[in-house]
Each structure stands twice: as C-alpha cells, then as structure tokens.
There are 2 protein chains.
Amino acid sequence: MSKPDLRSDAGFLVEEPDLLPLALGCAILGTGGGGNPYLGMLRARELLRQGAQVRVIPFEALDDEAWVYALGGIGAPVVGVEKIKRGDECLRAMRAIEARTGKTASALISEEIGGSNGIEPIATAAQAGLPVLDGDGMGRAFPEVQMTTFFVYGQECSPAAVADDKGNVVTFDPVDTMHRLEALARAVTVQMGGGAGMCTAPMSMGFIRRAALPGTVTQALSIGRAILDARRTHADVLDRLLLAADATLLFTGKVTGVTRELKGGFSVGSVQVQGDAEYNGSTADVAIQNENLVLWIDGAVRVCVPDLIMLVERETGEPITTELVKYGLSIAIIGMPAHALLKTPEALKIMGPAAFGYPGIDFDAHRL
Amino acid sequence: MSKPDLRSDAGFLVEEPDLLPLALGCAILGTGGGGNPYLGMLRARELLRQGAQVRVIPFEALDDEAWVYALGGIGAPVVGVEKIKRGDECLRAMRAIEARTGKTASALISEEIGGSNGIEPIATAAQAGLPVLDGDGMGRAFPEVQMTTFFVYGQECSPAAVADDKGNVVTFDPVDTMHRLEALARAVTVQMGGGAGMCTAPMSMGFIRRAALPGTVTQALSIGRAILDARRTHADVLDRLLLAADATLLFTGKVTGVTRELKGGFSVGSVQVQGDAEYNGSTADVAIQNENLVLWIDGAVRVCVPDLIMLVERETGEPITTELVKYGLSIAIIGMPAHALLKTPEALKIMGPAAFGYPGIDFDAHRL
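Residues numbered from 1 in each chain as written. Chains lettered and ligands numbered in written order. Predicted model: local features only at pLDDT ≥ 70, side-chain atom pairs only at ≥ 80, totals over all residues. Heavy atoms only, no water.

- Looking up chain A in an unreviewed UniProt entry gives the name Hydantoinase, with the organism given as Acetobacter nitrogenifigens DSM 23921 = NBRC 105050.

## As for the sheet that holds strand β14 (residues 291-297) of chain A
Residue and element names in this part refer to chain A.
Here's step 1: Strand order in this open sheet of 7 strands is β15-β14-β13-β12-β11-β17-β16, and the pairing throughout is antiparallel. Sheet topology places β15 (300-304) and β16 (308-313) at the edges, where each strand pairs with a single neighbour. The average angle at which neighbouring strand axes cross in this sheet is 35°, direction not considered.
Here's step 2: In the sheet, β14 pairs with β15 via 4 bridges, with the strands oriented antiparallel. Bridging across to β15, Val294 finds its partner in Cys304.
Here's step 3: Running over the sheet, helix α10 (residues 237-245) touches β11 (248-263), β16 and β17 (330-336) and is turned about 15° from β17. (Pairing = 2+ DSSP bridges. Helix = DSSP H or I, 4+ residues; strand = E, 2+ residues; numbered from the N terminus. Axes fitted to C-alpha atoms, helices over the stretch in contact; angles between N-to-C directions. Contact = heavy atoms within 4.5 Å.)

## Overview of the domain arrangement of chain A
All names here are of chain A.
Here's step 1: Annotation of chain A at the domain level lists domain 1 (12-216) and domain 2 (248-366).
Here's step 2: Facing 29 residues of domain 1, the contacting portion of domain 2 comprises 29 residues.
Here's step 3: Between domain 1 and domain 2, the buried area comes to about 2200 Å², and carbon and sulfur atoms account for 71% of it.
Here's step 4: Remark: the boundary between domain 1 and domain 2 carries 0 salt bridges.
Here's step 5: Between the two partners, domain 1 and domain 2, sit 7 residue pairs in polar contact (both at pLDDT 80 or more).
Here's step 6: Mapped onto the side of domain 1 that touches domain 2, the elements with two or more residues apiece are α1 (16-29), α6 (149-152), α8 (205-211) and β10 (213-214). (Domains from an automatic or database assignment. Buried area = accessible area lost by both parts, 1.4 Å probe. Salt bridge = Lys/Arg side-chain N within 4 Å of Asp/Glu carboxyl O. Polar contact = N/O pair within 3.5 Å; in protein donor to acceptor, adjacent residues only side chain to side chain.)

## Quick word on the pairing of strand β4 (residues 105-110) of chain A
All names here are of chain A.
Here's step 1: Burial of β4 is extensive: 5 of the 6 residues sit out of reach of the surface.
Here's step 2: Note: strand β3 (residues 67-75) against β4, 5 bridges, orientation parallel. The partner of Val68 across the bridge, within β4, is Ala107.
Here's step 3: Looking at chain direction, β4 and strand β5 (residues 132-136) are connected through 2 bridges and run parallel. Paired with Leu108 across the strands is Val132, a residue of β5.
Here's step 4: After leaving β4, the chain enters helix α5 (residues 120-128) and then returns to the sheet as β5, a path that is right-handed. (Buried < 20%, exposed > 50% of the residue type's maximum accessible area, 1.4 Å probe, protein only. Right-handed = clockwise from strand over helix to strand, strands pointing away.)

Pasting the structure below:
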C-alpha cells in the first residue's frame, strides 16, 4: 500500500507492489471460485508502469449524488485463463451505459472482490482515469450476475452491457428481472467465446453507501500481504492468514476424493477430506458449485453459503480453487462470516443455501 | 387490394380483404420455410379493425434521404406457432434503434417476404403509423439474419436490436460482422423463449433503391389472390398459380419419403417424390434446411438456392412447409428464378449453394 498521497484527501494510490498481495487476497476471498486474478494483475501492472494512477477511495470520499459503475468479467473462470482479454472489455461496456444514461461515472466498484473480479476494476480504472471504491457487492465470489448486494437492495436491472475482445458490445435495456439479465448476458457471453466484460446500471453513491460492502479492497490487500509476509519471514502462514482475515480454522487434513463435473456451465461436485491426527478420524465434505458452498464435518453441516468457506494449502496458504483441488493435497479449511448485508432474509433468498439447491439447510442454524 | 387513395399519391392502403391473399402469397414465397404468416395476419387484421391504416408504397414515393427500417421475427418457425407474440416486439426493437441513432423512420420494409416476416411489417406499420415499402431483402425466405440483399450490398451490422414479449430489449452496437450479429441475436432469441422481434440498422432510401428487391409485397398479394380466385371459381389452381408467379412447373408426384431432423436449430433433411405417370418413372429429391434448397430429378441437380423451389398441394395450391411435408401427399414442385440481386458473385457467397453446405453445386450451371 502506498503512503497517503498529498495531492488528495482520501484513500491511497495503488502502487505496483500492492498488486500481487491484492491478487492473492482476492483469490482467497474467491472461496474456491471467481476466476484467477493473475492475468488481471498483469494488465493492471502494465498500466501502472505506463504511468496510469489508480486511487482506491473510501465511501466517504464521494457525495451521495455521484454515479458509481459496478463492473467485472463474466464467463467461465477456466476460459479466463486461456482466452486472453483485449483488456478494455469492461471499459467499453461501461462507456456504453454511460452514453445511454448520460450519467458520468465518478468512480468504479467491483461486483465481486473474490477472484479475478476483485482486480478487474483496478485495470479499468487505470484506463478510465477514475478512482475505485474500497468495497464490492459480494465480499466473496458468487457464480451469477444477480448475486450481489447491489441487486438485493435495489439496483436497477438495466441498462447493462457486455463487451468482448473483438469490439462487440451488447446492451440490455430494458430487462424485466435480474435473473433474465443473467440468462441473456450468459448466452451472449457464450457466443463471445466464453468470456466478456460486463457493466451494470449506474448507482448513486447514496445507494452504494446502503447496499455495498465497505472496505473489501483493503481487506483483500491485508490478507494477501499477511500471507506473503509470513512466507518471507518463515512465520506460520496459516496463523497469519487467520489473524489477517479474522477467520476461523475449521479443519485440516488430506484430500481423499474429488468428484467434479460440468453441469449447466458450472463446476459442480464435492471434495472429501480425511482429518489430520488431531481430528481423531473425522472427515470433512465440501460441496462445490464454482465456489465452496457447504462444509459438513462427520456428516453434520458446519458452515454454509453465504458464509465463506476457503480451502488453502496447509503450508503456503495458497488458495485452492475448485478446479485445481485434487487427491493428496494437505489443506486447511477456514471460514469467515459473510457481511451482514448478505444475511438478511432478502439476501438469503438470492444467495443462501436454497438458491444453490440446498433448501433443507437453514443458514441461521449454522452461521459462523 | 384497395382502390387508389385520393389523399395520397402513391401505393395503396391495405384493407382487410387483402390480408388473407397476402399471407397466402407470403407462404408460397417462403419456399417451405419462413414461418406461418397466419398469426401475424390475425394481428394485422385486428389492428385494421381498430382503425389503423397501413399504406404500401413503391420505392419512388420516398426521397433518397428518408430512413427506412427493416424488421421481422427471429426464431424457430415452429415456436412462432406455439408462442403467441405480444404483438409489438418489432416495434420496440425499432424504437430502440431509432432512439439510439436519432434517425426517425419514414417507412418500414420486410427483411424477408417469404413466410411470417412478409406480413410482420404490416402489423408493425399499423402500430407505428408508418407506411411499408413494396419490397424486401430476400424475395423469398432464408434462415439467417445475414442472408439479405441489404447486408450483401452494404447495410451496417449495427445497431440492431431484438425485443421479446416481456418487454426485454437487447441492442447490439457495435458488432464486427453480420455473422456475429446472427450468432448473438440467435443466442438471445433462444433465451427469450425461441422467438423475438428484430430490427436492423437504418438504411437510407437511396441505399434501399440499390439494395432491396422491389414489388415483392404486390407480388405476394397477386400470387395469393390468384390461388384464392382459382379455388373460388373451380379453375385449375396450379395453372393460375404458375401464371401469377411467373413460375415453372418442375415436377408433380407423390411424396414417398421424408427424412428430417433438428440440427443446430434448423430442420434439415430431404423429401423424396415419385413422379406422376407423365414423368415415366422419374423421381425427385428435395434437400431441406428450413427452406427447400436443392431439387434433383433422377439424381441430377435441376434447381438450387437462391432460386426458389416451392412444394404445393397439387389440387389446392396450398404451400407445403418443410415441417408439414409428409408421406403420401400429392404435390407439385414449382420453381422461380431469384431476383438478379441474389445472383451476383457477392450475393451467392452469402446465399448460394456453398453457404448451405453444397460447395459442389455450381449455381450458374443450374439457374432457372
């Protein structure tokens, strides 16, 4: 993190050494999904090296009337690795909405801090010359467009736009429901080769203050820095990670089985873990659908979505995505309570266990 | 057809008795596909009964600078029968493009005269209070968005828009190729339930004069009236149809076999016909892909796309679509030469035999 910038009154300028820890922290908050932030980090680094400046600002830095645009990549995470972005997909999607609404952006905000979309707005902000708000709409990663606190608390469904690497822009306006937007944008993204940049309807800063999760960019940065510092100083990475993330250690053990299949565009399956000696023969099971959804220990639900379930390598603290988890890995399973805005009755309808096909699990009975 | 309207200087007002023959003529020009015009006809009739007026005008009626919008339904023809339209899909798609470009429509034109899209602009014109140009961009039916003379001769790929029955509108702008527009619009249409209204980029009347096929609304009307008149007066329907359409009788016989499967959203297959006695044991084969594509007689190519191949019931002149053709039908196969604008080298690339998977068939060697 940079020192306070004297030319400005709030937040901090992103500097090159911030990018690696930020990407790592975003990957941790991806709870197994959200896509790999590495390529986005390289793009952001390139832009900073060319002289671009990006300031991360707290919610207090803007007036209620300022317009904020939420953006991020849409598509299968695995495609994001193989299909190199042109780099201005999100920017062009945003410009399309700006032109349509006449509402000029004062700042950008991440749709989801977890995974690649945690860093995507940094690169877009560098291109647009705009600041990025220190916050997001998930506090983690979720697989679908409508699963944001923005939507839960009243963001308009339209206009929204997706843009691809060939210059194509598709605008959705009007759209009757956010689920429809998800279906339409997903179908367009598939035609665009499986990955695209997306921007949703502008939100006033007054709304953002009520509907967004504050401080999550800083949080990701702190988590990433804690892990990197611990590795450098040969401290216990897991301890430092738990401290920095204010997380709970739920289980440690060896992966003994993984089932995983592609179903409706999602990676769906489960991970079986045999506990380390101190767990006295206990086993853990993790249900996955792009992200880690439910953790059972000895058959009993221990943690469930929207609370965060993260799998990391026991020794290095490296986050393990649902695509890469495999037999024999020595892992720690850690948990973090989701932000309060994700746990209201209206939020749980959109991103609680039932929304992911577990209507029998009562979130409130298992919340961290 | 109505008498000349003294309040205006060109074309004719569509009256209720025009609608049935127009729909029938459009179905004939559908060459086996293009969707059933019946529901569109009912919508147009309802609008006329409510007092709407629609004038069909010749190309001479507008100045070069006037803006013309081409529109029609997009989707699987069979869905068009089961999924009742809200009725203003094309209008809302057009309004989206008008708002975006600031180019106010002076008239509408059909993307394709064959099938349901021959009558769709009549209903939209009734809602919009606009005239319809006597012409279209195919002179028949084709399965894909890019297969119009508009596109072949330079219509912009964007902006274009599709709208559904629930109020959703999706705009494509910019789009790099017309094939991309086809792919994106098709994917969106599937998410919209399989059928939607579509409007493409505005064209100047000067461009329309060079790129559109003139007189095809009048042609469809004449064909439909000839068939209905012949039925009413017990004249030979086939004779009257051939005369009105300036068409060639190619074969008559009984359908002895139909193979048909859904492949990539299209009805693909072939029809086998055993010739009537005067054909001395000859057989005909027709290749279909939504529309009738190629006619072989005794194994030799007789007619191929873009020339028109129509199957009609021998006695009634009723057009037989590729979905409804079946064993035992007594049919006549008639052919019409495509308009010259469909037979240039650049047009044949888009809608000649090779574009439909018959690179070995040389159109010029078989043209009617």
